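Report on the structure
Below are the chains, spelled out letter by letter.
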Amino acid sequence: WNLYMDGASNVKGSGANIILEGPDNTTLEQVFKLNFKASNNQAKYETLIASLKLAKEVGAKKLRCYTDS
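Because the structure is predicted, anything quoted here is derived from the model rather than measured. (Residues numbered from 1 in each chain as written. Predicted model: local features only at pLDDT ≥ 70, side-chain atom pairs only at ≥ 80, totals over all residues. Heavy atoms only, no water.)

1. Looking at the pattern of salt bridges
The criterion, for reference: By definition, a salt bridge exists where a carboxyl oxygen of Asp or Glu is found within 4 Å of a side-chain nitrogen of Lys or Arg. Numbering of helices and strands runs from the N terminus, with a helix taken as a DSSP run of H or I at least four residues long and a strand as a DSSP run of E at least two residues long.
Under the criterion given, the structure shown has two salt bridges. Here D6 ties to K44 by a salt bridge, and the two come within 2.9 Å at their closest N and O atoms. Of the two residues, D6 sits in strand β1 (residues 2-10) while K44 sits in helix α1 (residues 40-57), which places them 38 residues apart along the sequence. Across the pair K44 and D68 runs a salt bridge, and its minimum N-O distance is 3.1 Å. Taken together, the residues K44 in helix α1 and D68 in the segment after β4 (64-66) connect sequence positions 24 residues apart. Overlapping salt bridges, with partners in common, bring together D6, K44 and D68 in one network.

Fair warning: the whole summary comes from geometry, so function is off the table for now.
Right, dumping it as structure tokens:
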């Protein structure tokens, strides 16, 4: 499985983008807004946590993570 993720924060709020690609060419994408004020680093950590939960839900055993952090 390949995971591409990014979390960001600015004056308009914080959010996350997750793309999870499976071995059978399945692609899952999630985009969401955080419902609390967060720093840029906090947004990235929350995105990582959500990404790992998603990977676990789909049964990923091996995961390559790609992020800008």
